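# An overview of the molecular structure
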Amino acid sequence: MSLQCILVTGLAILIAFILVLFVVQRLVTTPLPIIKRHEKERRYFDPISVNDAEFPSIEDEPTLDLSVIIPAFNEEKRLPIMLDECLKFLEEKSKQSSFTYEVIVVSDGSSDGTISVALQYSERHTTDKFRVMELIENRGKGGAVRLGILSARGRHLLFADADGATKFSDYEKLDDTLRDITKTWQEDAIVIGSRAHLEEEAIASRSLFRTFLMYGFHFLVWLFAVRSVRDTQCGFKLLTRPAARKLFNILHVERWAFDVELLYIAERLNIPIREVAVNWKEIEGSKLTPFWSWLQMGVDLFLIWFRYTIGAWRVDLKPHSN
């Protein structure tokens, strides 16, 4: 078989694959996400009154300065360290000013003692400051963050990882930057923690294979999705309430690549995005498996780009049903 025949055959197969993928994606996806939420997930437990109460909605007027959303999947060991640091900072800040806050831990289908640990903090700090959302089934980090965001009371909303890898007091850096680019909380804006300044140190401590995966992932992010941000995956992001309402109502991806889609949509909507260097350290116990998790995220990145490009997914701010 001549080289020309091989090239023609290969091109024909590629075109056929793209056409099949186009048809399949148009058939199996919806332009706007179907946000599933069980009735139990709309309520939180108050360990003091021993009663359930209903979560508010992101559509309501805010009543606090800051909501902190912490997605947690089987985090009974790492969660207390993070919460102690987080609450110590927030309590000190609230005593020094009129600053008000809430923390929402979203247990993402945990099978260990995550809920029990979180409820101890709820009892200690009361549900006015600390609430626990129990998801019946595992949704993925993005799904857990979304439901926490949609149930928050804050003018500003921060989501932070349960491992405590980012120093929580760096919230001040993000907040200062957010106030620099907005006049009020009613404007759209996102400020994200970034580990880009730690890249040289990471390369020095990582294996060649992990470094290759890191650069490969960064390239795919730039190629298919986000070009204005160097570190899309740091789990420390601060949003104004209007920006959070817009983005999380039209976000599709519920697993690890949700950060990329979030920022992709923000770029499409011309929402201001700023990166701020934060203190970050590796914490043992990560749920990510380097090769397979990064492979899955690579596939997700391509599908994010492909689905929006063919119109299977749509950036549409019109109200839609959950």
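Bear in mind that the values here come from a model prediction, so they are computed numbers and not experimental data.

As a further point, take helix H4 (residues 141–149). For H4, the tally of buried residues reaches nine of nine residues, placing the bulk of the element in the interior. Taken together, the buried positions of H4 are Lys 141, Gly 142, Gly 143, Ala 144, Val 145, Arg 146, Leu 147, Gly 148 and Ile 149. In this structure, the buried residues of H4 make contact with strand E3 (64–72), strand E4 (101–108), strand E5 (130–135), strand E6 (154–160), helix H8 (241–250) and helix H9 (258–268).

A few words now on the UniProt feature "transmembrane region" (unreviewed entry) in the protein. As annotated in UniProt, the feature "transmembrane region" (unreviewed entry) corresponds to residues 6–28 in the numbering used here. Counting secondary structure, residues 6–28 comes out at 100% helix and 0% strand; the distance between its end C-alpha atoms is 33 Å.

Let us look at the sheet that holds strand E8 (residues 236–240). Spatial ordering of the open sheet is given by E5-E4-E3-E6-E8-E7-E9, a layout of seven strands whose pairing is mixed. For this open sheet the edge positions go to E5 and strand E9 (273–277), each flanked by a neighbour on one side alone. Across this sheet, the average inter-strand angle for adjacent strands is 20°, counted without regard to direction. Pairing of strand E7 (residues 190–194) with E8, which is carried by three bridges, proceeds in the antiparallel orientation. Across the sheet, residue Ile 192 finds its bridge partner in E8, namely Lys 237. Its contacts with the sheet put H4 on E3, E4, E5 and E6, and the angle it makes with E3 is roughly 155°.

Here we come to unusual backbone geometry. Across the chain, the bulk of peptide bonds are trans and the bulk of non-glycine residues have phi less than zero. One non-glycine residue with positive phi stands out, namely Thr 126, at about 75°. Along the chain, Thr 126 turns up in the loop between helix H3 (114–125) and E5. Taking relative accessible area as the criterion, Thr 126 reaches 33% and is therefore assigned partly exposed. Positive phi is not limited to glycine here, since Asn 270 has a value of about 60°. Along the chain, Asn 270 turns up in the loop between H9 and E9. Residue class for Asn 270 comes out exposed when judged on its relative accessible area of 67%.

If you walk through the whole model with that rule in mind, you get 16 aromatic pairs. A centroid spacing of 5.6 Å and a plane angle of 25° characterise the contact between Phe 302 and Phe 306, whose relative ring orientation is stacked. Residue Phe 302 and its partner Phe 306 are located together in helix H10 (residues 290–310), separated by four residues, close to a single helical turn. When the centroid spacing of 6.3 Å and the interplanar angle of 50° are considered together, the rings of Trp 305 and Phe 306 count as tilted. Accessibility expressed as a relative area gives 31% for Trp 305, which makes it partly exposed. Of the residues examined, Phe 306 reaches a relative accessible area of 6% and is grouped as buried. Connected via pairs of aromatic rings, a cluster forms that spans Phe 89, Phe 168, Tyr 171 and Phe 236.

Scoring rules and cut-offs
Counting from 1, residues in each chain are numbered in the order their sequence is written. With the structure being a predicted model, the display of local features is reserved for residues of pLDDT at least 70 and the display and counting of side-chain atom pairs for 80 or more, all residues being used for whole-chain, interface and lining totals. As a rule here, side-chain values cover all heavy atoms of the structure and leave hydrogens and water aside. Think of it in three bands: residues with accessible area under 20% of the maximum for their type are buried, residues over 50% are exposed, and the middle band is partly exposed, with areas taken using a 1.4 Å probe on protein chains only. Here a strand is any run of E in DSSP of at least two residues, a helix any run of H or I of at least four, and the numbering for each starts at the N terminus. Residues are treated as being in contact if the distance between any of their heavy atoms lies within 4.5 Å. UniProt positions are given in the numbering used here, feature names are shortened, and annotations may be inferred rather than shown by experiment. For two strands to be treated as a pair, DSSP must find no fewer than two bridges joining them. Lines fitted to C-alpha atoms define the axes, with helix axes restricted to the stretch in contact, and inter-axis angles between N-to-C directions lie between 0 and 180 degrees. Pairing of aromatic side chains requires ring centres within 6.5 Å, counting the rings of Phe and Tyr and the six-membered ring of Trp. Pairs whose planes differ by under 30 degrees are stacked, by over 60 edge-to-face, and all others tilted.

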